[in-house]
Amino acid sequence: MPLQAIRQVAKPQNGVGAFILQCKSLHFTYCDWAGSSKGMNSFLTHYLPRFAQQNPQIEITVSPKPRKHPVIKGNYINGREKAVCVANMDPKEIVKKAVLLRDASGEKLKKVTKPVKSLNESVRGIWDPFHGHQWKI
Amino acid sequence: MRNIATLERSLERLLISHATTSTRPICRSCRVAASQTQQSRKFSNSPQLKKRGLKIRREPDTAGEDLSKNPDYVPATTWDGLEQIGGRKWVEEQLDDGTPYQGWGQPSPVNTDDDRLYSLLHDTIIEVLALRSAGRPVSDLNNARRLSSDASISHVLSRNVEFKYPQGWEAGYEDARSVYGESLSPAETHAEYGRRREVTLEDVQVAFRDQTVRELVLQNILPAEETEEALDAASKVKSDFEALDSAAEQAAEAEAEQDGLRVADDRWLGISIRDPAVRFEITKRLTSLTGLIPSDFNVTHSPRLSTLLHNICKPRDAPQPKLAERLSVSAAIAALPNVTVKDRRITPIDVEKDKGRWKLIEQALTERGLPVTGQTTWVKPNVERGGKSLMTRRKARPEGKRPSWTR
């Protein structure tokens with residue numbers, strides 16, 4: 001049997017070689033008239049320039065949406081979209097929501113029950129010094 | 001007991017009927033007073049109240065007392081000369097004679113541009129200070145006729161009047177001017193300066209270069225009790241002002257040629273009007289001259305003349321620009337390559353255009369004879385009846401032309 005070279009295929013692992021932010025773009029909508037957009041209007045005036053400067057890889061769009069509550073919509077590289085209504089929030093709360101959408105993976109929210117998530121899960125699990133045979137000194 | 005109460009009531013009725021059927025005529029006021037007395041007596045003697053231990057305070061029998069004490073009272077024997085109520089003549093007398101109502105204010109807003117409001121407030125404060133210097137109450141201000149709405153009076157007053165302020169206040173004003181410089185308008189400079197220090201009405205004096213002007217200003221403001229002399233003097237004020245204005249214009253032209261333009265002195269805008277009476281009189285005078293009625297909030301929140309002027313001018317300011325306009329001119333946003341500001345709502349068609357799919361979608365819709373834009377309403381299919389979903393408001397397909405997908 002001829003010797004075969006080990007097949008080595010580069011697998012992208014986010015954060016190992018490079019980190020690619022999962023959020024592609026954020027879309028901010030507001031209303032000029034409605035009181036629920038007061039905080040959003042203040043955020044867009046005073047906080048948005050700094051937020052956009054800190055996150056140059058995110059495409060940011062601002063557009064009015066009359067007679068509707070303000071919303072932030074995030075588009076992710078997995079093709080999904082997440083929207084957060086920020087009605088009646090103050091600008092600092094809106095900054096937190098924008099950061100939340102920026103850091104999100106775009107996946108649906110799931111209950112995390114296992115410590116490791118893998119495409120190729122190990123049968124043996126993770127080694128743990130406190131389980132199995134214990135050596136007594 | 002019951003029989004006694006019934007007897008008492010019947011006796012009172014008898015007394016009342018005797019009084020009303022008396023042949024002696026009684027005037028209306030006496031009749032009303034007499035009936036009220038009877039009523040109160042009736043209530044106070046009621047057995048129910050007596051049983052409950054309550055007493056009603058009886059009104060003194062004023063009608064009877066007045067009649068007995070009035071030495072000029074002569075009982076009438078006939079109804080000639082007595083007051084009569086009712087009848088066509090009486091109704092016509094009560095009707096309005098049709099004279100139109102003349103209010104103290106302008107029927108509709110006039111003189112409402114900012115420069116005119118500025119000069120009218122200037123004239124008003126001169127009138128207030130002139131009244132104070134003459135020892136007259138500020139409440140006389142609104143007896144002034146509407147002469148100040150004429151531009152000639154403003155011209156004359158601006159040329160002939162000088163305000164005198166306390167020494168330290170002027171220095172403070174110059175400080176404010178040097179700090180804020182040309183970036184702020186005079187009114188805004190005063191608003192800034194006024195936060196640091198105010199000048200009260202008592203500390204400011206007004207000096208007239210020509211004493212005739214002072215006399216004319218005071219003559220224009222009628223005293224609380226109008227006299228014929230005051231009215232005659234006030235009627236001539238307008239023509240005198242116009243004569244002074246034409247003379248002053250010629251002098252001013254000659255002066256301007258020599259000295260150049262005179263810088264306007266806006267320091268009077270810093271005068272405090274915290275006294276509600278003074279503030280009310282000034283606001284009422286402005287309202288009578290312009291027809292503008294500032295809101296109570298704006299009046300009560302005007303501690304200085306500058307703020308009052310600002311509050312009167314404010315409602316007529318241009319509407320605030322939209323947020324999209326403000327963001328698009330913002331230098332901070334313009335410097336960011338990853339931020340796009342749209343001035344209108346982003347529609348689904350815009351999204352498809354951005355992705356480059358819209359042309360294909362439009363072509364496919366046209367081929368099928370479906371509406372490209374506009375509303376289409378989805379009608380829920382009635383599954384129980386075996387119905388199919390329908391698109392309503394569909395455009396009529398041209399006859400003889402079948403869509404390509406049906407071939």
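Please read all numbers here as calculations on a predicted model, not as lab measurements.

(A) Structural view of empty space enclosed by the protein. Residue and element names in this part refer to chain B. Following the criterion strictly, the structure yields 2 cavities of 30 Å³ or more and no others. By volume, the second largest cavity is sized at about 40 Å³. As for the second largest cavity, its lining consists of L117, T283, L286, T287, T290, L292, P294 and I312. For the lining of the second largest cavity, the leading source of residues is helix α13 (residues 276–290), giving 4 residues. A per-class count over the lining of the second largest cavity returns 5 nonpolar, 3 polar and no charged.

(B) Up close: unusual backbone geometry. Residues and elements named next belong to chain A. One non-glycine residue with positive phi stands out, namely R67, at about 60°. A relative accessible area of 70% places R67 in the exposed class. Despite not being glycine, N88 shows a phi value in the positive range, around 60°. Residue position: N88 is located in the loop between β4 (81–85) and α3 (91–103). By relative accessible area, which is 60% here, N88 ends up exposed.

(C) View of the sheet that holds strand β3 (residues 71–76) of chain A. Taken together, 5 strands build an open sheet; the order of strands is β4(A)-β3(A)-β1(A)-β2(A)-β3(B) and the sheet is mixed. Each edge of the open sheet carries a strand with a single partner, namely β4 of chain A together with β3 (339–341) of chain B. With strand direction ignored, the average angle separating the axes of adjacent strands in the sheet is 15°. Across 6 bridges, strand β1 (residues 23–30) of chain A lies against strand β2 (residues 59–64) of chain A in parallel orientation. Bridged to L26 of chain A within β2 of chain A is I60 of chain A.

(D) Examining the environment of S272 of chain B more closely. Residues and elements named next belong to chain B. Examined against the element boundaries, S272 turns out to sit in the loop between α12 (237–259) and α13. Residue S272 is classed as buried on the basis of its relative accessible area, which comes to 8%. When the C-alpha positions of S272 and P303 are compared, they lie 5.8 Å apart, and in sequence the two are 31 residues distant. Contacts of S272, omitting those with residues within four sequence positions, involve E198, V199, T200, L201, P303 and R304. Looking at S272, its side chain comes within polar contact range of the main-chain nitrogen of R274, at 3.4 Å.

(E) View of the interface of chain B and chain A. Taken together, the contact pairs 17 residues of chain B with 21 residues of chain A. The largest per-residue losses of area from chain B upon contact with chain A belong to L323, N338 and R345 of chain B, which jointly make up 38% of the total buried on that side. For the interface between chain B and chain A, the tally reads 0 salt bridges. In this assembly, chain B and chain A are joined by 9 residue pairs in polar contact (both at pLDDT 80 or more). For the side of chain B that touches chain A, the secondary-structure elements that each account for two or more residues are α16 (323–329), α17 (331–334) and β3 of chain B. In terms of residue count, the dominant contributor to the side of chain B that touches chain A is α16 of chain B (4 residues). When its residues are assigned to classes, the side of chain B that touches chain A shows 9 nonpolar, 2 polar and 6 charged. With 3 bridges joining them, β2 of chain A and β3 of chain B adopt parallel strand pairing. Residue pairing across strands places I60 of chain A opposite V339 of chain B, the latter belonging to β3 of chain B.

(F) Looking closely at the environment of K24 of chain A. Residue and element names in this part refer to chain A. Following the sequence through the fold, K24 ends up in strand β1. Separated by 36 residues in sequence, K24 and I60 place their C-alpha atoms 9.0 Å apart. Residues within four places of K24 in sequence aside, it is in contact with Q57, I58, E59, N75, Y76 and I77.

(G) Geometry of the nonpolar core. Judged by nonpolar contacts, the single largest core of 44 residues is most densely connected at L121, I125, F163, F208, W268, I282 and L305 of chain B. Among the elements of the structure, α6 (114–133), α7 (151–160), β1 (161–164), β2 (205–208), α10 (211–220), α12, α13 and α15 (305–313) of chain B are those that each provide at least two residues to this core. In terms of residue count, α6 of chain B provides more of this core than any other element does, 9 residues in total. What L121 of chain B contacts, discounting residues up to four positions off in sequence, is W268, L269, I282, L286, L305, L308 and L309 of chain B. The next biggest cluster of nonpolar side chains, apart from the first, holds 29 residues, and it includes F51, A52, I58 and M89 of chain A.

(H) Layout of the confidence of the model for chain B. All names here are of chain B. Counting all residues, the mean pLDDT for chain B is 73, and 59% of those residues have values of 70 or more. Overall, residues 257–263 carries pLDDT values under 50, and its contacts beyond four positions in sequence, including any with other chains, amount to 3 contacts. For residues 389–393, every residue scores under 50 in pLDDT, and the model assigns this stretch 14 contacts once sequence neighbours within four places are set aside.

The rules behind each value
Residues numbered from 1 in each chain as written. Chains lettered and ligands numbered in written order. Predicted model: local features only at pLDDT ≥ 70, side-chain atom pairs only at ≥ 80, totals over all residues. Heavy atoms only, no water. 1 Å grid on protein atoms, 1.4 Å probe; cavity = no way out; pocket = protein on both sides within 12 Å on 5 of 7 lines; lining within 4 Å. Points joined across faces, edges and corners; volume = space filled by probe spheres on them. Helix = DSSP H or I, 4+ residues; strand = E, 2+ residues; numbered from the N terminus. Nonpolar A, V, L, I, M, F, W, Y, C, P; charged D, E, K, R; others polar. Buried < 20%, exposed > 50% of the residue type's maximum accessible area, 1.4 Å probe, protein only. Pairing = 2+ DSSP bridges. Axes fitted to C-alpha atoms, helices over the stretch in contact; angles between N-to-C directions. Contact = heavy atoms within 4.5 Å. Polar contact = N/O pair within 3.5 Å; in protein donor to acceptor, adjacent residues only side chain to side chain. Buried area = accessible area lost by both parts, 1.4 Å probe. Salt bridge = Lys/Arg side-chain N within 4 Å of Asp/Glu carboxyl O. Core = buried A, V, L, I, M, F, W, Y, C linked by side-chain atoms within 4.5 Å. pLDDT = per-residue confidence, 0-100.

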